[in-house]
Amino acid sequence: MRTFILLSLVLLCTCVRAQSANTEADRSLTYYLPDLEYDPSIPTPESFLGWQIGDWHISHDLQQAYMRLLAASSNRIELVEIGRTYEDRPLLNLIFTSPENHARLEELRTLHVNWNEPDGGLSEADIDRVPAVLYQGFSIHGNEPSGGNAAPLVAYYLAAAPLSEVGEVLEKNIVVFDPAYNPDGLNRFASWVNSHKNKALTADPNDREYNEAYPRGRSNHYWFDLNRDWLPVQHPESRARIAAFHRWKPNVLTDHHEMGKDATFFFMPGEPTRVHPGTPQINQDLTARIGTYHAAALDEIGSLYYSGEGYDDFYYGKGSTYPDIHGAVGILFEQASSRGHLQETENGLLEFPFTIRNQVTTALSTLEAFGELRDELLTYQRDFNLGGVTQSGYVIDADGDPGRARELANILSRHDLPVQHSTDGEREAYYVPKTPFTEAAFEPILEFEDSLFYDVSTFSLPMAFNLPYREVSGGAPGGQTWSAFDRGASMPAVDHTQAAYAYLLPSNDYYAVKAVYQLLDAGVRVKVSDQPFATGGGHNTFGRGTAMIPVVGQDMSADELHALITEVENETGLDFIPAASGTVDAGGLMFGSRAAYQTLRKPEIALLVAGGTNSLDAGEAWHLLDQRFGIPITKLPIDEVAETDLSRYNTIIMPDGSYGDLHEDVATALKDWMGSDRVLITMERAGSWAAKNGLAKITTRKVTDPDSSITQRPYEMAYRDRSGRVLGGSIYMAEGDLTHPLLFGMQREEIPVFRTGTLLYEPAENVYATPLRYTDAPLVSGYSPREFAESAAGSAAVLVSGVNGGRTIAFASNPNFRGFWYGGNRLFMNAIMFGSTISGAAVE
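Worth saying up front: this structure is predicted, and the values here are computed from it rather than measured.

K.L.:
Residue-level account of the overall build of the chain, with values.
P.N.:
Each helix and strand in the chain was counted, giving 23 helices and 30 strands. C-alpha atoms of the chain, sized along the principal axes, occupy 90 × 60 × 60 Å. Within the chain, the proportion of its 844 residues that are buried is 60%. Partitioning the contacts of the chain with sequence separation of at least 6, the portion at a separation of at least 24 is 79%. Accessible area for the chain stands at about 32,200 Å²; split by element, carbon and sulfur atoms hold 48% of it. Where the 65 positive side-chain charges of the chain centre and where its 110 negative ones centre are 3 Å apart.

As structure tokens, this is what we get:
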């Protein structure tokens, strides 16, 4: 088979060479790699591509084809496909080690894993038998391409360099090589810059080559920043990578990035005052020692560099920080970006090949440091993991919402945590042991050494899911039965009893809206109750937001309706309760009451994109609706709104963005569109724009300036003072009206909200139009600029206003933050499904 693959790829190589056009001036392999006697049987990147790395930006299909060719050519490599992207591109790992080690690879992997287990059967005396593991990864941001273009060269070096150079490190250790963290983004960017490349290169930053079209190549298919997804693991790229991480338990993980063109080259460690308290000092010490190898290597080629400033090691959802809470060393590299082939910079002309060379150089210096420090790295990892073992844990209450709680359990299990599940106690619950990782991912944090953050300052998973939890000692609590949680288990079995009169679907489960949409999409008439009620003498109780599906009056027979509902039950795991009568218990309103039951319309959604819209926020809404709820949307460029027939939509979503230069015709078109059953949903600054243009009634609250009385400050403090006023990401508590349609299905009034930015809304004058507002002491976790929490107290988190009979629902923050803020996007989905039912008396 290996011979067949090799021959096939050689033929592909020939075709690529034959079709290549004029290339740049010759640049030899030794520009990038040490001048060595490489194995001539291993094809170089240039021999495969027909052009030297750096002449063009490598597309993902060519990169992965070359990796397959290498694996077919070398006995030092095992190639594993660990997953697929949304665009069905393969995610590859190349496992590098000696041929002798490959013959017993699983044995060595198990030995390494057991080294970190308290019952692994190994002691410190076994360290020489245990392989250390290095995980090298490239270009998680697709438009930071020097890493992904360096990957073929580094892989070639590992496959073809003489044993005198790599023999010892491969004989004693294992290298897991991830050539493209983000294949979809890498390919999107390569296509852009290659399509706009000049033969006579221009460094003019105004050239189209250096100005990507929306949404740009940084993100994945759904426009997410994958370097914020190591903790939430909402995407297939992250899920495959985290599974590989825990399969191999690396001692060092590298993450090759780019930064602004006028910078130089950065390597970890970063700012010493911005390290998460869960990361021990020895981690930073080892990082600094590895950094000396990078400095020496960059000195040798004369490249400028810096370290110890600018970047932090705080948020465990980034690639260079996630390893730190698992006993590994995460290393961030940042190369000044040519963002194409050539850029004018304050350091002179920056060529794409130069950026690649720096990434190759530090990848090789990492390999050297890893080999020489292996024993210290292994010892640190073992001490960290064995020292983190406790008898404590966390119990997470499902809060009456099995779907939302199950999704949190899915995330925890993806991080290789032994999650347990119980359904036989008073309430459904999950248990997870307390480890350094879970402590960091659960507990709020309010004290910081520094006030500057590169990213968010908190990331409590239970708060993201709005689920109560408590710490317990002695393992999973007694008094109830616990079983191992199985992420791949099928949906729970439900009762498929056919209803004689109506079907009832309670609103408590996160995925109730998904089930309702499937019925509406099939043409079923669905009503929603805005009152709680009971049936069967109190045997069955139903909250506000319960969907009622009458058997009569449908455009299908009773049997066809039952078959459809059975199909929806099987897909969602939700149980529709059959009702034999339209009568409810005393105090409730009967099913035929128009006062309590309103007919739902099927959402027809346009999501405004491009222009000044924030692609991250837009992508989060797109992903939520498309992937999680199966609701189709139209991604409508905002500059085309005025020329578009908007009558086909009853819901328009306007994400956060910069709308100062948006043409007034857009506002006119949206006002003409607004009417009965029409819902405009705005997020953050989109709400301010809507208010300014007569689409909403919102008053912005002025934030108190704590420094307004200061008349003089030292010049050197200007940057820190300004940066300290930035709210990069913290959690604030809001209080909701559980009788309001936007909160249907919620169990508790207190709802944690994730905030970035300092935009605040005043509550509505209409006392019914502020369904969610911040509490009097709202900050619950994270850094808050001085006196901002006081300014936020009592302000509106959600406002409902409108014009022309339509509804404008304005979220003061992003309810879908990074795809995992399930507590917030529950309200967002309610706005889509139930927004049109909000009474006119409750509109500002």
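That was the structure; now back to the text.
K.L.:
Tell me what's going on with the nonpolar core, and back it up with residues and numbers.
P.N.:
A general feature of soluble globular proteins is that nonpolar side chains tend to end up buried together. Formed by 204 residues in total, the largest nonpolar core has its most connected members in Phe-96, Phe-177 and Phe-828. Of all the elements, helix H6 (residues 146-160) adds the most residues to this core, at ten residues. Once you skip the residues sitting within four places of it in the chain, Phe-177 turns out to touch Met-67, Leu-92, Asn-93, Leu-94, Phe-96, Gln-136, Phe-138, Ala-151, Val-154, Ala-155 and Leu-158. Ranked by size, the runner-up nonpolar core spans 32 residues in total, among them Leu-636, Val-641, Leu-646 and Ala-667.

K.L.:
An account of a negative patch on the surface is needed here, citing residue identities and associated values.
P.N.:
On the surface, Asp-639, Glu-640, Glu-643, Asp-661, Glu-664 and Asp-665 cluster together into a negatively charged patch. Mapped onto the elements of the fold, Glu-643 is located in the loop between strand S23 (633-637) and strand S24 (651-654). On the basis of relative accessibility, which here comes to 62%, the residue Glu-643 falls in the exposed class.

K.L.:
I'd like a description of the side chain of Asn-227, backed by residues and values.
P.N.:
Among the structural elements, Asn-227 can be located in the loop between helix H8 (183-195) and helix H9 (236-248). Asn-227 has contacts with Ile-140, His-141, Asp-255, His-257, Gly-317, Lys-318 and Gly-319, leaving out every residue within four places of it along the chain.

K.L.:
Go over helix H17 (residues 558-572), please, and point to the residues and values.
P.N.:
Counted at 1.5 Å a residue, the expected span for H17 with its 15 residues is 21 Å, and the 21 Å between its end C-alpha atoms agrees. Within the sequence span of H17, burial applies to Leu-561, His-562, Leu-564, Ile-565, Thr-566, Val-568, Glu-569 and Thr-572. As for H17, its buried residues are in contact with helix H13 (402-414), strand S15 (502-505), helix H16 (512-521) and strand S19 (547-550). Positive backbone phi, at 75°, marks Gly-573, one or two positions downstream of H17.

K.L.:
Let's hear about the sheet that holds strand S14 (residues 483-484): which residues, and what values?
P.N.:
Taken in spatial order, the five strands make up an open sheet running S13-S10-S12-S11-S14, and their pairing is antiparallel. Each edge of the open sheet is held by one strand with a lone partner, namely strand S13 (469-473) and S14. Strand direction decides the pairing type here: strand S10 (residues 392-397) and S13, joined by five bridges, are antiparallel. Residue pairing for S13: Ser-392 is matched across the bridge by Ser-473.

K.L.:
Break down the packing of aromatic side chains for me, with residues and values.
P.N.:
If you walk through the whole model with that rule in mind, you get 50 aromatic pairs. Ring centres of Phe-533 and Phe-591 lie 5.7 Å apart, and the angle between their planes is 75°; on these two criteria the pair is classed as edge-to-face. One end of the pair, Phe-533, is in strand S17 (residues 533-535); the other, Phe-591, is in the loop between strand S20 (577-579) and strand S21 (597-599), and 58 residues separate them in sequence. Accessibility classification places Phe-533 together with Phe-591 in one group, the buried group. Ring pairing ties together the aromatic residues Tyr-86, Tyr-214, Tyr-222, Trp-223 and Trp-622, which thus form one cluster. Against the face of Trp-56 rests Lys-197, its NZ or CZ located 3.9 Å from the ring centre. Stacked on the ring of Tyr-181, the Lys or Arg Arg-241 has its end atom at 5.1 Å from the ring centre.

K.L.:
Please give an account of the pattern of salt bridges that cites residues and values.
P.N.:
Any two side chains of opposite charge can pair, on the condition that their charged atoms come close. Summed over the entire model, instances satisfying the criterion amount to 33 salt bridges. Salt-bridge contacts for Arg-374 lead to Asp-375; the nearest nitrogen and oxygen are separated by 2.7 Å. Looking at Asp-375, the relative accessible area reads 33%, which means it is partly exposed.

K.L.:
Which residues make up the side chain of Asn-101, and what values go with them?
P.N.:
Checked against the element boundaries, Asn-101 lands in helix H4 (residues 99-102). Dropping the residues within four chain positions of it, Asn-101 is found in contact with Leu-108, Leu-170, Glu-171, Lys-172 and Asn-173.

K.L.:
Any chance you could break down the sheet that holds strand S29 (residues 796-801) for me, citing the residues and the numbers?
P.N.:
Taken in spatial order, the nine strands of this open sheet run S23-S22-S24-S25-S30-S29-S28-S26-S27, and their pairing is mixed. The open sheet is flanked by S23 and strand S27 (750-755), the only strands paired with a single partner. Shown here is a sheet whose adjacent strand axes are inclined to one another by a mean of 25°, direction ignored. As defined by bridge partners, strand S22 (residues 605-609) adjoins S24 across three bridges and the pair is classed as parallel. Directly across from Ala-606, in S24, lies its bridge partner Ile-652. With respect to the sheet, helix H23 (residues 822-834) is in contact with S22, S24, strand S25 (679-683), S27, strand S28 (772-781) and strand S30 (807-811), its orientation differing from that of S25 by roughly 155°.

K.L.:
How would you summarise unusual backbone geometry if you had to cite specific residues and measurements?
P.N.:
Following Tyr-214, the chain continues into Pro-215 via a peptide bond in cis, with omega recorded as 5°. Topologically, Pro-215 is positioned in the loop between H8 and H9. That bond from Met-268 to Pro-269 is cis: its omega, 10°, falls within 30 degrees of zero. Within the element layout of this structure, Pro-269 appears in the loop between strand S6 (265-267) and helix H10 (281-301). Unusually for a residue other than glycine, Arg-818 sits at a positive phi of about 50°.

K.L.:
Quick one: what's the story with the environment of Asp-645, residue by residue and with numbers?
P.N.:
One can find Asp-645 in the loop between S23 and S24. Residue Asp-645 is classed as exposed on the basis of its relative accessible area, which comes to 51%. Put simply, Asp-645 and Ala-669 are 24 residues apart on the chain and 9.3 Å apart in space, counted from C-alpha to C-alpha. Within the structure, the side chain of Asp-645 is placed 2.6 Å from the side chain of Ser-647, a separation counted as a polar contact.

K.L.:
Give a description of the packing of H16 against H17 that names residues and reports values.
P.N.:
At a minimum axis distance of 10 Å, the contact between H16 and H17 shows a crossing angle of 150°. In terms of orientation, H16 lies roughly antiparallel with respect to H17. The crossing of H16 and H17 is right-handed. For the pair formed by H16 and H17, the contact residues are Lys-514, Ala-515, Gln-518 and Leu-519 on the first element and Leu-564, Ile-565, Val-568, Glu-571 and Thr-572 on the second.

K.L.:
Mind laying out the pairing of S10, listing which residues take part and the relevant values?
P.N.:
Counting buried positions over the six residues of S10 gives six, a clear majority of the element. Here five bridges tie S10 to strand S12 (residues 429-433), and the two strands are oriented antiparallel to one another. Bridging across to S12, Asp-397 finds its partner in Ala-429.

K.L.:
Pulling in residues and values, what's your account of helix H11 (residues 352-372)?
P.N.:
When the terminal C-alpha atoms of H11 are compared, their 31 Å separation across 21 residues agrees well with the 30 Å that a helix rising 1.5 Å per residue should span. Of all the 21 residues making up H11, 17 are buried; the element is thus mostly covered by neighbouring parts of the structure.

K.L.:
Please set out the confidence of the model for the chain residue by residue, giving values where relevant.
P.N.:
Mean pLDDT for the chain: 94, with 96% of residues reaching 70 or above. Of the regions scoring below 50 in pLDDT, residues 10-25 engages in 22 contacts with residues more than four places distant in sequence or in other chains.

K.L.:
Report on the packing of helix H18 (residues 615-628) against H23, specifying residues and quantitative values.
P.N.:
Packing of H18 against H23 brings their axes to within 12 Å, and their N-to-C directions diverge by 80°. What the angle tells us is that H18 and H23 run roughly perpendicular. Residue-level contacts link Ala-621, Leu-624, Leu-625 and Arg-628 of H18 to Tyr-822, Asn-825, Phe-828, Met-829 and Ile-832 of H23. The residue makeup of the contact of H18 with H23, split by class, is seven nonpolar, one polar and one charged.

K.L.:
How would you summarise the pairing of S22 if you had to cite specific residues and measurements?
P.N.:
Looking along a regular strand, one sees the side chains alternate between the two faces of the sheet. In terms of burial, S22 is a largely internal element, five of the five residues being buried. Burial along S22 is two-sided: Ile-605, Leu-607 and Val-609 and Ala-606 and Leu-608, pointing in opposite directions, are all buried. Looking at chain direction, S22 and S23 are connected through five bridges and run parallel. By the bridge assignment, Val-609 is partnered in S23 with Pro-637. What joins S22 to S23 is H18, and the crossover it makes is right-handed.

What counts as what
For every chain, the first residue of its written sequence is number 1, and the numbers climb from 1 along that sequence. Local features are withheld for residues below a pLDDT of 70 in this predicted model, meaning they are given only at 70 or higher, and side-chain atom pairs are given and counted only at 80 or more; totals for whole chains, interfaces and linings count all residues. Computation of side-chain values covers all heavy atoms of the structure but excludes hydrogens and water. Helical segments are the DSSP runs of H or I of at least four residues, strand segments are the runs of E of at least two, and each set is numbered from the N terminus. When accessible area is computed with a 1.4 Å probe and restricted to protein chains, residues below 20% of their type maximum are described as buried, those above 50% as exposed, and intermediate ones as partly exposed. Contact criterion: two residues are considered in contact whenever any of their non-hydrogen atoms come within 4.5 Å of each other. Using the Shrake-Rupley algorithm and a 1.4 Å probe, accessible areas are obtained, with residue cover drawn only from the displayed protein chains. When charges are counted, Lys and Arg contribute as positive and Asp and Glu as negative, whereas His and the chain ends are disregarded. For the purpose of locating charges, the reference atoms are NZ of Lys, CZ of Arg, CG of Asp and CD of Glu. For this analysis, a nonpolar core means a set of buried residues of the types Ala, Val, Leu, Ile, Met, Phe, Trp, Tyr and Cys, connected via side-chain atoms within 4.5 Å. Patches here are clusters of residues that have more than 30% relative accessible area and form no salt bridge, with a 9 Å joining cutoff for like charges and a 5 Å cutoff for nonpolar side chains (Val, Leu, Ile, Met, Phe, Trp, Tyr). Counted as salt bridges are all cases of a side-chain nitrogen of Lys or Arg within 4 Å of a carboxyl oxygen of Asp or Glu. What a helix should span is 1.5 Å times the count of its residues minus one. DSSP calls a pair of strands paired once it identifies at least 2 bridges connecting them. Note on aromatic contacts: the rings of Phe and Tyr and the six-membered ring of Trp form a pair at centre separations within 6.5 Å, being stacked when their planes are under 30 degrees apart, edge-to-face when over 60 apart, and tilted otherwise. Only when the NZ of Lys or the CZ of Arg is both within 6 Å of the ring centre and within 35 degrees of the ring normal is a charge said to sit over the ring. Axes here mean lines fitted to C-alpha atoms, for a helix over just the part in contact, with angles spanning 0 to 180 degrees between N-to-C directions. For the purposes of these results, a polar contact is taken to be a pair of N or O atoms within 3.5 Å, where, inside protein, one atom must be able to donate a hydrogen and its partner to accept one; residues adjacent in sequence count only when each atom of the pair is a side-chain atom. Orientation labels follow simple angle bins: below 35 degrees gives roughly parallel, above 145 gives roughly antiparallel, 65 to 115 gives roughly perpendicular, and whatever is left gives oblique. In this scheme the handedness of a crossing depends on how the near helix is turned from the far one: anticlockwise by less than a right angle means left-handed, clockwise means right-handed. Values of pLDDT, the confidence the predictor places in each residue, fall between 0 and 100. In this count, Pro and Cys sit with the nonpolar residues alongside Ala, Val, Leu, Ile, Met, Phe, Trp and Tyr, while Asp, Glu, Lys and Arg are called charged and the others, Gly among them, polar. Seen with the strands pointing away from the viewer, any crossover whose path from the first strand over the helix to the second strand runs clockwise is right-handed.

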